[in-house]
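Structural description and commentary
Each chain, written out:
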Amino acid sequence: MSETATAPSRPSGPLAKILTPSRASGLRTSGTTLASSLIAVIIALGISAVMLFITGKDPVTALTTIIDTAQNTDKLLEMMRRATPLIFSATAVAIGFKMNIFNIGVEGQYLFAALMAAEAGSHLSLPGPLHVTAILVVALISGAAWAGISAFLKVRKNIHEVISTIMLNYIALSFIQWLFNSFFRDDSVEGLNIKTTIIEESGRLPDLVEGRLNSMFIIALIVVAIFWVVVYRSTFGFKLRASGYNATAASTAGISATKMTVIALLLSGAVAGLVAMQSVLGETHAYGPSATPIQLGFAGITVALLGRNHPVGIVIAALLFGFLDSTSAQLQLADVPNSIVKVMQAIIVLTVVIVNEAAVRRTNIKTAERARAELAAGSGA
Amino acid sequence: MSSTPAVELRGIGKRFPGVIANYNVDLNVRAGTIHAIVGENGAGKSTLMKTLYGMQEPDSGTISVEGAERRFKSPSDAINAGIGMVHQHFMLADNLTVLENIILGSEPGRRGIIDSKQARTRIEEIMSAISTDLDLDVPVSELGVGERQRVEIVKVLFRGARILILDEPTAVLVPEEVDELFVTLSSLVNDGATVIFISHKLDEVLQVSNDITVMRQGTTVAETTPGSIDRSGLAELMVGSELPSPEGRTSDIKDDVRLNVENLTVMGFEGRPAVDGASITIRSGEIVGIAGVEGNGQYELCAALLGLVPSTGTVTVDGADLTKATTRQRHDAGLAYIPFDRHREGLMLNAPLWENTLLGREDEDQFGKGPLVDAASIRAYTVDIIKRFGVLTPNETTPAFALSGGNQQKLIVGRTLTTNPGVLVAAHPTRGIDVGAQAAVWDEIRRARDNGMAVLLVSADLEELLGLSDSIAVMFDGSITATLNPDDVTASELGSYMTGAHEEVAS
């Protein structure tokens, strides 16, 4: 690429007035992101409507069902409940993405953490807040430990984290099954609904809205807020993002890639450890192969992508997914199969990614042109 | 010789976001000649050649090939018009044979069966026409750089090219290979082909070309011939009349040693040392230049000094032994670095300028509030750098990619020098930037030097090396083969040291 300077060096004078600080560009960027995501959702709904039409379903009924669902308070609480684990899962993925680490292993990390936390919680007998805190800490540490294996393999053995985290998902499933069947299973329970020993009352997190929404939702919002401060405002977060922007430049500047990789994966795993805590602390009060929700780790990757790894984006994307999930029962009543709901989710993700990519390119070109125009105006004055 | 030019460009312009790469470019290449295009890095040569080879469409202007006006939408259009390109970085498949590489993409034969007998006959015809000889059945991985380049040339001819573009063909060659290449080029034009030869090595250009077009800051500024101009005249045309001088070796070298490197060795990829036992001492207020053809260990030397690659030997800065220190510890000890490749090693292109200023300095107390970044402080600091170093930008929140190369470089120099380093490792500090920015960068380095900084200056610009350095160490094949006094050596003597020709008489 040629690097001809476009303007003569004229350091002082007229430049002074255009050197005033401005926050506008940052705001403009998030505005573009939000707008392009909205456009993408609308396009996706359009495609879904066509798809429904082709499969012989009535798109109008489906749409009215969706709108009805949106006006139903219970369904909105359901949306938030379903969004909670996705917020944790997507945040875990986003922490890695911020430095170009692909933690595909959230699934294994959170299931391992759920088992360890539930088992530890069932043995503890502490005053309320302490008991809950202890369970959360076990979850954080267990998730981090499982992700730590991938961190070790990456920095010591140069094994790419995509390979190791995917493989560790499978290992986690078998390992958890073995631990559960051999040691942690509550043998007093018969039948299909096998679980670990139920956690005592003190180790349960109260509901915000009785039977509808657990306070884990608030913890999810707090974790996202911490994520925002740490990644976008802290020195550590700067190093993380710098490694993601340009790993070579970051290590040339003395930011240790090894250290950042280890910390990022441990943090990502720790947050992953919280994914199933809504179930363990608020609903089932135990770990159980059929009681603990699965597949949330993979959904988190999608939500993180959809939310462009930004805290606000993640919350909105998680709520959107929670909403689509909560409409699926109603849609099935309206004769829209659940598989179509899943396809709609996939279409939304694809269109958001495509539309955003286009928007970012356009913004970049515009930014460069604006910089030139402002300079031309500045030196001409 | 036909009177219709092989290639004629009129008023070619090409803009990229934030950069005018080419404007008003006129070029007239006579058929059957070697036509050199010279200019500094960033003068727009590569952009122009990409336009001519169809890799990008110009915003304005016309291209005529052998008298007919053409529009190239892709390289295949250019190939159809008889234009071929030998890239600076070879595009060969290592594990295929020479023959397979040559025919790759234009395999002769019918119904998917390759007729290698026909291919072999045609390749042998081509090779004899340009009096070259290659073993067609060995894998390319076994060939040296010069031979690979000839494979590329034969490949281009195999596709029917009559006009060959060679982009900096000598950059990767050792001197004997350069001579062989020039023989090949002469045979090519004797055989009726036309060669466009892009270079910034003036001696080679004067030796081999029939006509010379000079480019400067995105446009063609002069047409000349080797017979009517000498080396310094050509250099002046390249940089413009306002030729800033890197002179000013008024330095007052103190006694205290700031950087001491002993027996530094870096292992390369193939088990050969990339840097072989280099020892360098730089005192306060001293600039030591490193001269060498690119790829002779300069990058590895700098990377080892910064602790970016493993090495053996000792490195001390101001007496502190940094041999085992991390990159950050070396920065903290006062060792600063202006990197070879600002995009790869120096900048976060998508991040705002103030975050780029913060890079490497994020742990300094003045830019932090506890665990948080003090954005107000680093932004104000960036505004100061923008003013002091004359970085042309709307403001400090502009992303780095929106700036021209020279202004990006000024920001890096500002970020680096404002740490008040004791030792500066400056790699090509003015590469690819405009003349004004060049003078500004030199001024700043000189000023810091006058305040006692020691500088290790790696540069491909011999004028810069001769003008700024107090002594010049020549690197060849990983070793420091000579240490020269810039007052006693001319650019062309330095050039012959760099190619190893003076090795036996090295002091």
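Throughout what follows, the structure given in this document is the object of discussion. (Residues numbered from 1 in each chain as written. Chains lettered and ligands numbered in written order. Predicted model: local features only at pLDDT ≥ 70, side-chain atom pairs only at ≥ 80, totals over all residues. Heavy atoms only, no water.)

Quick notes on the overall build of chain B
Put simply, the test is: Think of it this way: any DSSP run of H or I at least four residues long counts as a helix, any run of E at least two long counts as a strand, and we number them from the N terminus. Throughout, the radius of gyration refers to the C-alpha atoms, and the reference size of a globule is 2.2 Å times the residue count to the power 0.38. Per-residue accessibility, obtained with a 1.4 Å probe over protein chains only, is compared with the maximum for each type, and a residue is labelled buried under 20%, exposed over 50%, and partly exposed between these values. Note on contacts: a residue pair qualifies if any of its non-hydrogen atoms lie within 4.5 Å across the two residues. Computed by Shrake-Rupley with a 1.4 Å probe, the accessible areas treat only the displayed protein chains as cover when residues are assessed. Within this scheme the basic residues Lys and Arg register as positive and the acidic residues Asp and Glu register as negative, but His and the chain ends are omitted. In plain terms, the charge of a residue is placed at NZ if it is Lys, CZ if Arg, CG if Asp and CD if Glu.
Per the secondary structure count, chain B includes 17 helices and 24 strands. Here chain B has a C-alpha radius of gyration of 25 Å; the compact-globule value for 507 residues is 23 Å, and the two agree. Projected onto its principal axes, the C-alpha coordinates of chain B cover approximately 70 × 50 × 50 Å. Residues counted as buried form 56% of the 507 residues belonging to chain B. Put simply, 67% of the contacts in chain B that link residues at least 6 apart link residues at least 24 apart. Within the structure as shown, chain B displays about 20200 Å² of accessible surface, and the carbon and sulfur contribution to it stands at 48%. Averaging the positions of the 43 positive and the 71 negative side-chain charges in chain B gives two centres separated by 7 Å.

Describing the overall build of chain A
A count of helices and strands for chain A gives 15 helices and two strands. Buried positions account for 48% of the 381 residues belonging to chain A. For chain A, the proportion of contacts with a sequence separation of at least 24, taken over those separated by at least 6, is 78%. Summed over all atoms, the accessible surface of chain A reaches about 17300 Å², with 67% contributed by carbon and sulfur.

So, unusual backbone geometry
Residues and elements named next belong to chain B. Residues other than glycine seldom take positive phi values, yet glutamate 168 does so here, at roughly 45°. Along the polypeptide, glutamate 168 turns up in the loop between strand S9 (163-167) and helix H6 (175-190). Its relative accessible area of 8% is what places glutamate 168 among the buried residues.

What to know about a negative patch on the surface
Quick reminder of the rule: Residues enter patches when their relative accessible area tops 30% and they take part in no salt bridge; the joining distance is 9 Å for like charges and 5 Å for the nonpolar side chains Val, Leu, Ile, Met, Phe, Trp and Tyr. Throughout this description, the term salt bridge denotes a Lys or Arg side-chain nitrogen within 4 Å of a carboxyl oxygen of Asp or Glu.
A cluster of acidic residues, Glu124(B), Glu125(B), Asp133(B), Asp135(B) and Glu142(B), forms a negative patch at the surface. Note on placement: Glu124(B) falls in helix H4 (residues 116-129).

With respect to the sheet that holds strand S13 (residues 257-267) of chain B
Residues and elements named next belong to chain B. What counts, and what does not: When DSSP finds at least two bridges between two strands, those strands are taken to pair. Here the axes come from fitting lines to C-alpha atoms, over the contacting stretch only for helices, and the angles between their N-to-C directions go from 0 to 180 degrees.
With antiparallel pairing, the four strands of this open sheet are ordered in space as S14-S13-S16-S17. Looking at which strands have only one partner, the edges of the open sheet turn out to be strand S14 (273-283) and strand S17 (320-321). Relative to strand S16 (residues 312-317), S13 is paired through five bridges, and the arrangement is antiparallel. Within S16, the residue paired with threonine 265 across the bridge is threonine 312. Here helix H9 (residues 298-305) sits on the sheet and contacts S13, S14 and S16; the angle it forms with S13, its principal contact strand, is near 120°.

Describing the packing of helix H4 (residues 73-97) of chain A against helix H14 (residues 311-333) of chain A
The relative placement of two packed helices is expressed as an angle between their axes plus a distance between the axes. All names here are of chain A. For the record, the criterion: An angle below 35 degrees is read as roughly parallel, one above 145 as roughly antiparallel, one from 65 to 115 as roughly perpendicular, and any other as oblique. Take the far helix as the reference: if the near one is turned anticlockwise from it by less than a right angle, the crossing is left-handed, and if turned clockwise, right-handed.
Following both chains from N to C, one finds H4 and H14 inclined at 135°, their axes separated by 7 Å at the closest point. Accordingly, the angle class assigned to the pair H4 and H14 is oblique. In this structure, H4 crosses over H14, and the sense of that crossing is right-handed. The residues of H14 that touch H4, namely those facing Lys75, Glu78, Met79, Met80, Arg82, Ala83, Leu86, Ile87, Ala90, Thr91 and Ala94, are Ile314, Ala318, Leu319, Phe321, Gly322, Phe323, Asp325, Ser326 and Gln330.

Examining the sheet that holds strand S18 (residues 335-338) of chain B
All names here are of chain B. An order of S18-S21-S22-S15-S23-S24 is seen for the six strands of this open sheet, with the pairing classed as mixed. The open sheet has two free edges, formed respectively by S18 and strand S24 (479-484), since each of these has just one partner strand. With direction set aside, neighbouring strand axes in the sheet form an average angle of 20°.

Structural notes on helix H8 (residues 216-233) of chain A
Residue and element names in this part refer to chain A. What counts here: To estimate how far a helix should reach, multiply one less than its number of residues by 1.5 Å. The directions from the helix axis to the C-beta atoms form the arc being described.
Between its first and last C-alpha atoms H8 spans 25 Å; for 18 residues at 1.5 Å apiece the expected length is 26 Å, and the two agree. Buried within H8 we find Met216, Phe217, Ala220, Val223, Val224, Phe227 and Val231. Buried residues in H8, looked at end-on, bunch into an arc of 115°, giving them a common side.

Observations regarding H9(B)
All names here are of chain B. Of all eight residues in H9, six are buried; the element is thus mostly enclosed. Buried residues of H9: Gln298, Leu301, Cys302, Ala303, Ala304 and Leu305, and no others. In the segment just after H9, glycine 307 is the residue with positive phi, at about 75°.

Focus: the packing of H4(B) against helix H5 (residues 145-158) of chain B
Residues and elements named next belong to chain B. H5 packs onto H4 with a crossing angle of 115° between their chain directions and a minimal axis gap of 10 Å. Considering their axes alone, H4 and H5 lie roughly perpendicular with respect to each other. Here H4 and H5 pass one another in a crossing that is right-handed. Contact with H4, carried on its side by Ala119, Arg122, Ile123, Ile126 and Met127, involves Val154, Leu157 and Phe158 of H5 and no other residues of that element.

Some thoughts on the pattern of salt bridges
Evaluation of the coordinates by the stated rule reveals 29 salt bridges over all chains. Here Arg241(A) and Glu355(B) are joined by a salt bridge, their closest N and O atoms 3.1 Å apart. Here Arg241(A), found in helix H9 (residues 235-245), pairs with Glu355(B), found in helix H12 (residues 353-358), and the two come from separate chains. Judged on exposure class, the residue Arg241(A) and its partner Glu355(B) are both buried.

Side note on the packing of aromatic side chains
All names here are of chain A. Heads up, the condition is: Only Phe, Tyr and Trp rings are paired, with Trp represented by its six-membered ring, and only when their centres lie within 6.5 Å; those with planes under 30 degrees apart are stacked, over 60 edge-to-face, the remainder tilted.
Scanning all chains against the criterion turns up eleven aromatic pairs over all chains. Ring geometry for tryptophan 146 and phenylalanine 175: centres 5.8 Å apart, planes at 15°, overall stacked. Placement of tryptophan 146 in helix H6 (residues 128-157) and of phenylalanine 175 in helix H7 (residues 161-184) is noted, with a sequence separation of 29 residues between them. Given the relative accessible area of 8%, tryptophan 146 is considered buried. Look at phenylalanine 175 and tryptophan 178: their rings are 6.1 Å apart centre to centre, the planes differ by 25°, and that puts the pair in the stacked class. With phenylalanine 175 and tryptophan 178 both in helix H7 and three residues apart, the pair spans about one turn of that helix. For phenylalanine 175, a relative accessible area of 30% translates into the label partly exposed. Among the residues examined, tryptophan 178 registers a relative accessible area of 47% and is labelled partly exposed.

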